[in-house]
Amino acid sequence: MITYFVHTPAWLRGIFPKDLIWNMPEDDERSVYITFDDGPHPTATPYAMEQLARHDAKATFFCVGNNVAKHPDIYDQLLSDGHATGNHTHDHVNGMKTETTEYMANIAQAGEYIHNRIFRPPYGRIKASQVRALREHDPAWKIYMWDVLSADFDNTISPQQCLDNVLKHIKPGAIVIFHDSEKAWDRMSYALPQVLAYCQSQNWKMKALPY
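Residues numbered from 1 in each chain as written. Predicted model: local features only at pLDDT ≥ 70, side-chain atom pairs only at ≥ 80, totals over all residues. Heavy atoms only, no water.

Draft legend 1. Focus on the pairing of strand E7 (residues 175-179). With respect to burial, E7 is a largely interior element, five of its five residues being buried. Of the two faces of E7, the one holding Ile175, Ile177 and His179 and the one holding Val176 and Phe178 are both buried throughout. The sheet contact formed by strand E1 (residues 33-37) and E7 spans five bridges and is parallel. Across the sheet, Thr35 pairs through a bridge with Ile177, a residue of E7. As paired elements, strand E6 (residues 148-149) and E7 share two bridges and run parallel to each other. The residue bridging Val148 from the neighbouring strand is Val176, located in E7. Taken together, E6, helix H7 (residues 159-169) and E7 constitute a β-α-β crossover, and its handedness is right-handed. (Buried < 20%, exposed > 50% of the residue type's maximum accessible area, 1.4 Å probe, protein only. Helix = DSSP H or I, 4+ residues; strand = E, 2+ residues; numbered from the N terminus. Pairing = 2+ DSSP bridges. Right-handed = clockwise from strand over helix to strand, strands pointing away.)

Right under this line is the structure:
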């Protein structure tokens, strides 16, 4: 059974190093931050880009380096469309099951394709030693987590439940996570356009995360 929190509780955030970013300050545009993990994917990522364009939205795509190598044209289109991209390791490795030196090497390998300094750990799993190593290597790194989890990866929930997970908790400043992946496709493709339409109806600005 998969255990996760749709809305990240404060006590869980307290377990992690303090410089991880879980949400953003509310601004004058009442911005929200839609993010995607695990792409690029040949079906899910173009679909996400199409829906974002329809709703005048920008997003952040935390990409797996190996997938960027397989689909460089899709990755280039993300950048051309004005979306942000972030490093999600090269092989989607779990930080809690990986030695820090190996973890850093995997991030660096992804960095051959993803040229920026924003990062999200796969599965949300990262050791304090890995956070320190990343920041010591370059203090410009920003590590983004999330505070609203769509749970689109969970094939035991319905597409409607995925949508409800987001609509129940999204608000200005929220960082929302979807996945542009095969596994999440049924739920993400249903929920994303409705989430974007809802944000637009609230006059919330949908922005990419800052570098």
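Moving on, there is more to tell.
Draft legend 2. Examining the pattern of salt bridges more closely. For the coordinates displayed, the defined rule picks out seven salt bridges. In this structure, Arg120 and Asp37 form a salt bridge, with 2.8 Å as the shortest nitrogen-oxygen distance. In this pair, Arg120 sits in the loop between strand E4 (118-119) and helix H6 (128-137) while Asp37 sits in strand E1, placing the two residues 83 residues apart along the sequence. For Asp37, a relative accessible area of 3% puts it in the buried group. One salt-bridge network, in which partners are shared between bridges, spans Asp27, Glu29 and Lys207. (Salt bridge = Lys/Arg side-chain N within 4 Å of Asp/Glu carboxyl O.)

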